[in-house]
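# Commentary on secondary and tertiary structure
The lines below spell out each chain.
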Amino acid sequence: MVCLRIRSSHAPIMTCDNGIMTSLPLVFDAPKRGRPPTHFADLDQAARVAALGELGLPKFRADQLARQYYARLNGDVEEMTDLPAGARSKVGEALFPQLLTPVRDISCDDGSTRKTLWRLHDGTLLESVLMRYTDRNTLCISSQAGCGMACPFCATGQGGLDRNLSTAEIVDQVRAAARTLRDGEFGEPGRLSNIVFMGMGEPLANYKRVVSAVRQITSPAPHGLGISARHVTVSTVGLAPAIRRLADEDVPVTLAVSLHTPDDELRDTLVPVNNRWSVAEVLEAARYFADSNGRRVSIEYALIRDVNDQPWRADMLGEKLRRSLGGLAHVNLIPLNPTPGSEWDASPKDVEREFVRRVREQGISCTVRDTRGQEIAAACGQLAAEENDASPGGATS
């Protein structure tokens, strides 16, 4: 058995030519670290009014601040000119600390894709990616700094979990991108229309904060950013109980399940959470979600050369989805974006086409995702890993 050790900035991953072994444990509870400073977006209406009262300000200022933050996309109190000048400093300190500081932006795809690396108050790094299309503008956001799901082909999974993001740290990624588009700082002025929770982290492992963020992203102004819930996608590696819990929330988002293989034997190692909830359990939860909100479930499948791209796996995938979800499933094939040092690569195009054909033969919708950002390390976690490695004390890949 020939093995390759891939080093990341946090912990080693072991991969083998006839399977995958990972030395990283699954982490569902984020490490205890210092809490981010409390932000306006972390508080409900009552808490906002109470906080303003402690500052000696009337409760109507809460709605005023909400209009500034969500409708006008202002994160700096000095821009909130309807707030008395003498109150701005104390309001800023109490309710509008700077959560995200841009480290660098990198663009590619003829300027239609831009990745931003952010530094948080404690030095933690996270990433978001803004993508312009002819018919929409999509932001891929992070819900955790790092990830504890230990998927060995994923740059974020290789790095481990640093901490959960706060509600406001999630929401502020969206506000910042919406402002960037509105002000024409990323091509022609436009509107942010789509949000995908497909950046760093497992969204359903940070459940309460993610749901709170989704409510603020989708609520109409002045109490939210007004993005349609149907244009918000929450991705998960398959935390079955949390999928069912999300189905019972009044947030009709799209669910994306990162399945990556239809058989438990391979998925136990490729997506280690499968050791907790099997393929059958995940698909049962996905069906419950689809039945609850009437939306198709997106089945994410990163196609990896000679690992999960065999014709029989395509047949098995289509058959299992036909039985469990029927017309409520859509397979989204993702050409693998290899992480630095990995021995894995994307499947050849002829293999990819045959995989699509076989899934469709089972009556399941199947398309190949448009690849974006490969030249700027846009796979989740790559840019943060590079920054960590370049910092004093960072490990080398």
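Residues numbered from 1 in each chain as written. Predicted model: local features only at pLDDT ≥ 70, side-chain atom pairs only at ≥ 80, totals over all residues. Heavy atoms only, no water.

### Structural notes on the nonpolar core
Selection rule: To define a nonpolar core, start from buried Ala, Val, Leu, Ile, Met, Phe, Trp, Tyr and Cys residues and group those joined through side-chain atoms within 4.5 Å. For every residue, the accessible area (1.4 Å probe, protein chains only) is compared with the maximum for its type, and the residue is labelled buried under 20%, exposed over 50%, or partly exposed between those bounds. Numbering of helices and strands runs from the N terminus, with a helix taken as a DSSP run of H or I at least four residues long and a strand as a DSSP run of E at least two residues long. Only heavy atoms enter the contact rule, under which two residues are in contact if any of them lie within 4.5 Å.
Membership of the largest hydrophobic core comes to 104 residues, with the highest contact counts inside it found for Leu192, Ile195, Phe197 and Val331. With 8 residues, helix α5 (residues 167–182) is the single largest residue contributor to this core. For Phe197, the contacting residues outside a window of four places in its chain are Ile141, Ser143, Ile170, Pro203, Val210, Val214, Ile217, Val232, Thr233, Val234 and Ser235. The next biggest cluster of nonpolar side chains, apart from the first, holds 6 residues, and it includes Val129, Val196, Met198 and Ala256.

### Describing the pairing of strand β6 (residues 125–132)
The line we're drawing: Only strands joined by at least two bridges in the DSSP assignment are considered to pair.
Most of β6 is tucked away: 8 of the 8 residues are buried. The two faces of β6 match: Leu125, Glu127, Val129 and Met131 on one face and Leu126, Ser128, Leu130 and Arg132 on the other face are all buried. The sheet contact formed by strand β5 (residues 113–119) and β6 spans 7 bridges and is antiparallel. Bridge pairing in β6 links Thr116 to Ser128. Where β5 folds back onto β6 in an antiparallel hairpin, the turn is made up of 5 residues, including Gly123, whose phi is positive at roughly 90°. With 4 bridges joining them, β6 and strand β7 (residues 137–140) adopt antiparallel strand pairing. Residue pairing for β7: Met131 is matched across the bridge by Thr138.

### Thoughts on helix α7 (residues 240–247)
How we decide: It is the directions from the helix axis to the C-beta atoms whose arc is reported.
Looking at α7, one finds that the buried residues are Ala240, Ala242, Ile243, Leu246 and Ala247. The arc enclosing the buried residues of α7, seen along the axis, measures out at 160°, which places them on a common side. Those residues of α7 that are buried are in contact with α6 (207–218), β11 (232–236), β12 (254–258) and α9 (279–293).

### Quick look at the packing of aromatic side chains
Rule in force here: Classification of ring pairs rests on two measures: the distance between centres of Phe, Tyr or Trp rings, Trp counted by its six-membered ring, which must be within 6.5 Å, and the angle between planes, read as stacked under 30 degrees, edge-to-face over 60 and tilted in between. Here, a charge over a ring means that NZ of Lys or CZ of Arg falls within 6 Å of the ring centre while also lying within 35 degrees of the ring normal.
As enumerated under the stated definition, the model contains 6 aromatic pairs in all. Measuring from centroid to centroid gives 6.5 Å for Phe40 and Tyr70, while their planes differ by 45°, and the two rings are tilted. Residue Phe40 is located in the loop between β3 (19–21) and α1 (45–54), and its partner Tyr70 is located in helix α2 (residues 60–71); the two are separated by 30 residues in the primary sequence. Each member of the pair, Phe40 together with Tyr70, is buried. Members of the aromatic cluster, connected to one another through ring pairs, are Phe40, Tyr69, Tyr70 and Phe96. Geometry around Phe40 places Arg48 over its ring, the cationic atom sitting 4.0 Å from the centre.

### Description of the layout of surface pockets
Note the threshold: In this analysis, the protein atoms alone were mapped onto a 1 Å grid. Cavities are point sets where a 1.4 Å probe fits without being able to get out; pockets are open sets with protein on both sides within 12 Å along at least five of seven lines; lining residues have an atom within 4 Å of a point. Grid points are joined across faces, edges and corners, and a volume is the space filled by probe spheres set on the points.
Volume-wise, the second largest pocket comes out at about 690 Å³. Looking at the lining of the second largest pocket, the elements with two or more residues in it are β9 (161–164), α6 and α7. Here the lining of the second largest pocket gets 3 residues from one element, more than from any other, and that element is α6.

### Description of the confidence of the model for the protein
Going by this rule: Each residue gets a pLDDT score, which is the predictor's confidence in that residue and runs from 0 to 100.
Taken over all residues, the pLDDT of the protein has a mean of 89, while the share at 70 or more is 87%. Below a pLDDT of 50 lies the segment residues 1–22, which in the model reaches 63 contacts outside its immediate sequence neighbourhood of four places, other chains included. Counted against residues more than four places away or in other chains, residues 392–397, with its pLDDT under 50, gives 8 contacts.

### Details of helix α3 (residues 85–95)
Taken residue by residue, α3 has Ala87, Arg88, Val91, Gly92 and Leu95 as its buried positions. Mapping the buried residues of α3 onto a view down its axis gives an arc of 135°, with all of them on the same face. Facing away from the buried side of α3 by over 90 degrees, the exposed positions are Gly86, Ser89 and Glu93. Looking at the buried positions of α3, the neighbouring elements they touch are α1 and α2.

### Focus: the sheet that holds β12
Applicable threshold: Whenever a helix is involved, its axis is fitted only over the stretch in contact; in every case the axis is a line through C-alpha atoms, and angles between N-to-C directions fall within 0 to 180 degrees.
In spatial order, the strands read β4-β5-β6-β7-β10-β11-β12-β13-β14-β15; together these 10 strands make up an open sheet with mixed pairing. Each having just a single partner strand, β4 (101–108) and β15 (365–368) make up the two edges of the open sheet. Across the sheet, the axes of successive neighbouring strands diverge by a mean angle of 20°, strand direction being ignored. Note that β12 and strand β13 (residues 297–303) share 3 bridges and pair parallel. When the bridges of β13 are listed, Ser258 appears paired with Glu300. Against the sheet, helix α11 (residues 349–361) makes contact with β13, β14 (329–335) and β15, and its axis sits at roughly 165° relative to β15, the strand it touches most.

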